[in-house]
Amino acid sequence: MTTPSAATPSTPAAASATGPGPAPAPDGAPRGRGPLGPVGLVLAGGISVQFGGALAVMLIPRAGALGVVTLRLLVAAIVLLVVCRPRLRGHSRADWGTVIVFGVAMAAMNGLFYQSVARIPLGPAVTLEVLGPLALSVLASRRAVNLVWAALALAGVFLLGGGGFDSLDPLGVVFALGAGAMWAAYIVFSSRTGRRFPQADGLALAMAVGAVLFLPLGIAESGTKLLDPVTLALGAGVALLSSVLPYTLELLALRRLPAPTFAILMSLEPAIAAAAGFVILDQALSALQSAAIALVIAASMGAVRTQAGRRRTKALPGLPPGPRRPRSGKR
């Protein structure tokens, strides 16, 4: 979960939904050197997100998908509100409208994603979900080469379903695609929120909106199960692994890493998710499903590279030209 700003991504195909990130250093700027290096920090953040998702799958039988989302959003909102201490006064009606829609998109994205992973393996779920940001990038770019990336992604989706989605729960597929659509909406409204609110104030408020919206749903599905100490501890673990820790690692990395490089690394999330599903959940993938994930990753990377080249001369329609990327409350 990032806190510095809910700024827009220059490469939405790879933006993840775990919080806005700070502006990375421009190309050619000093990157700095740490024990892991910026690339290592981004990969560690991605691993944390997806293993947090795997932990959430293990928690779903105890608290239900809606209960897990409620705990995740609630803990993340508390952490962000304590850290950011956003101002509640001095904002216009349009400001509040933007942050509320941002919170709704964030809550819907999380809810649909966890409904998906309750029905289909983590790797395919993330692969289908990433089609949302990929579609946003292809449509925004309007370049012929992006038809190639779109065709590659569709081929991956076809393989993922074994030619007809017989191997995957159809409802789980629908939920994953819905989560992808909400991810695209999240990217757009994260950008708008970042322009209206200083620092990560808008993100903290949007997270609180999402938590409040989901609280009745979580209570209705899980009731007193949400108060179980083990469930609370595991829910906090999901929030920390999927939000707080990735935010910290990405915050450090984005200060030293160009946005295109960062976005390409984030395109690896389906592969990391598949690995997390295999290691923690024993969710083995077939050769066709592995090939499908590889195709979607290639399509996402290609779209990112295309958009990165276009960014030098023209900003995305409706988005500011800065090289920033949102990340706020996802898996």
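Residues numbered from 1 in each chain as written. Predicted model: local features only at pLDDT ≥ 70, side-chain atom pairs only at ≥ 80, totals over all residues. Heavy atoms only, no water.

## Here's the deal with the overall build of the protein chain
Move 1: Within the protein chain one finds 11 helices and 0 strands.
Move 2: Beginning at the N terminus, the succession of helices and strands in the protein chain can be written as α-α-α-α-α-α-α-α-α-α-α.
Move 3: The burial tally for the protein chain puts 58% of its 331 residues in the buried class.
Move 4: Across the protein chain, every contact between residues at least 6 apart in sequence was considered, and the portion connecting residues at least 24 apart equals 90%.
Move 5: Only carbon and sulfur atoms are counted for the fraction: they give 69% of the accessible area of the protein chain, which is about 12800 Å². (Helix = DSSP H or I, 4+ residues; strand = E, 2+ residues; numbered from the N terminus. Buried < 20%, exposed > 50% of the residue type's maximum accessible area, 1.4 Å probe, protein only. Contact = heavy atoms within 4.5 Å. Areas by Shrake-Rupley, 256 points an atom, 1.4 Å probe, with all protein chains shown as cover.)

## Examining the packing of helix α2 (residues 93-117) against helix α3 (residues 122-129)
Move 1: Orientation of α2 relative to α3, taken along the N-to-C sense of each, is 145 degrees, at an axis distance of 9 Å. Between α2 and α3 lies a crossing of right-handed hand. Residues M109, F113, S116 and V117 of α2 pack against L122, A125, V126 and E129 of α3.
Move 2: Residues belonging to the contact of α2 with α3 are distributed by class as follows: 6 nonpolar, 1 polar and 1 charged. (Axes fitted to C-alpha atoms, helices over the stretch in contact; angles between N-to-C directions. Left-handed = near helix turned anticlockwise from the far one by under 90°. Nonpolar A, V, L, I, M, F, W, Y, C, P; charged D, E, K, R; others polar.)

## Quick word on the packing of aromatic side chains
Move 1: Per the stated rule, a full pass over the model turns up 3 aromatic pairs.
Move 2: Centroid distance F102 to Y186: 5.1 Å. Interplanar angle 45 degrees. Geometry classified as tilted. Here the residue F102 occupies a position in helix α2, and Y186 occupies one in helix α6 (residues 170-196), the gap between them amounting to 84 residues. Summarising the burial analysis for this pair, F102 and Y186 share the class buried.
Move 3: The ring centre of F189 lies 4.9 Å from the NZ or CZ of R192, which sits over that ring. (Phe/Tyr/Trp six-rings, centres within 6.5 Å; stacked < 30°, edge-to-face > 60°. Lys NZ or Arg CZ within 6 Å of the ring centre and 35° of its normal.)

## Concerning unusual backbone geometry
Move 1: Despite not being glycine, R85 has its phi angle at roughly 45 degrees, a positive value.
Move 2: On the secondary structure map, R85 appears in the loop between α1 (37-84) and α2.

## Regarding a nonpolar patch on the surface
Move 1: There is a patch of nonpolar side chains on the surface, built from L74, I78, V82, V83, L215 and I219 and spanning about 520 Å² of accessible area.
Move 2: A per-element tally of the nonpolar patch places α1 first, with 4 residues.
Move 3: Note on placement: L215 falls in helix α7 (residues 201-222). (Patch = residues over 30% accessible without salt bridge, like charges linked within 9 Å, V, L, I, M, F, W, Y side chains within 5 Å. Salt bridge = Lys/Arg side-chain N within 4 Å of Asp/Glu carboxyl O.)

## A look at the pattern of salt bridges
Move 1: This structure, assessed with the given rule, holds 2 salt bridges.
Move 2: Salt-bridge contacts for R196 lead to D95; the nearest nitrogen and oxygen are separated by 2.7 Å. Of the two residues, R196 is situated in helix α6 and D95 in helix α2; the sequence distance between them amounts to 101 residues.
Move 3: On the basis of relative accessible area, R196 is assigned to the partly exposed category, the value being 38%.
Move 4: For D95, a relative accessible area of 10% translates into the label buried.

## Side note on the side chain of S48
Move 1: Inspection of the secondary structure puts S48 in helix α1.
Move 2: Discounting residues that sit within four places of it in the chain, S48 has contacts with L241, S242, L245 and P246.

## Concerning the nonpolar core
Move 1: With 60 residues, the main nonpolar core has M106, F113, Y114, V117, L122 and M207 as its most contacted residues.
Move 2: Take this core: its biggest share by element is 17 residues, from α1. (Core = buried A, V, L, I, M, F, W, Y, C linked by side-chain atoms within 4.5 Å.)

## Focus: helix α10 (residues 269-281)
Move 1: Under the 1.5 Å per step criterion, the end-to-end length of α10 is 17 Å for 13 residues, consistent within 8% with the ideal 18 Å.
Move 2: Within the span of α10, buried status applies to E269, P270, I272, A273, A274, A276, G277 and L281. (Expected span 1.5 Å × (residues − 1).)

## Digging into the environment of S290
Move 1: Assignment of secondary structure puts S290 in helix α11 (residues 287-311).
Move 2: Residue S290 is classed as partly exposed on the basis of its relative accessible area, which comes to 35%.
Move 3: The spatial distance from the C-alpha of S290 to the C-alpha of P124 is 9.0 Å, given a sequence separation of 166 residues.

## Brief notes about the environment of P170
Move 1: In this fold, P170 is placed in helix α6.
Move 2: Spatially, the C-alpha atom of P170 lies 8.9 Å from that of R119, the residues being 51 residues apart in sequence.

## Structural notes on α7
Move 1: An ideal rise of 1.5 Å per residue puts 32 Å on 22 residues; α7 measures up with 30 Å between its terminal C-alpha atoms.
Move 2: Along α7, the sharpest change in direction is near 35 degrees and occurs at F214; proline P216 comes one to four residues later.
Move 3: Positive backbone phi, at 60 degrees, marks G223, one or two positions downstream of α7. (Bend = angle between axes of the 7 residues up to and from the residue.)

## Remarks on the packing of α3 against α6
Move 1: For the pair α3 and α6, the least separation of the axes is 7 Å and the interaxial angle reads 45 degrees. Relative to α6, the element α3 lies oblique. In the crossing of α3 with α6, the sense of the turn from one axis to the other is right-handed. In this structure, α3 uses A125, L128 and E129 to contact α6, whose residues at the interface are V173, A176, L177, A179, G180 and W183. (Parallel < 35°, antiparallel > 145°, perpendicular 65-115°, else oblique.)

## Topic: the environment of S92
Move 1: Turning to its location among the elements, S92 is positioned in the loop between α1 and α2.
Move 2: Put simply, S92 and R196 are 104 residues apart on the chain and 9.4 Å apart in space, counted from C-alpha to C-alpha.

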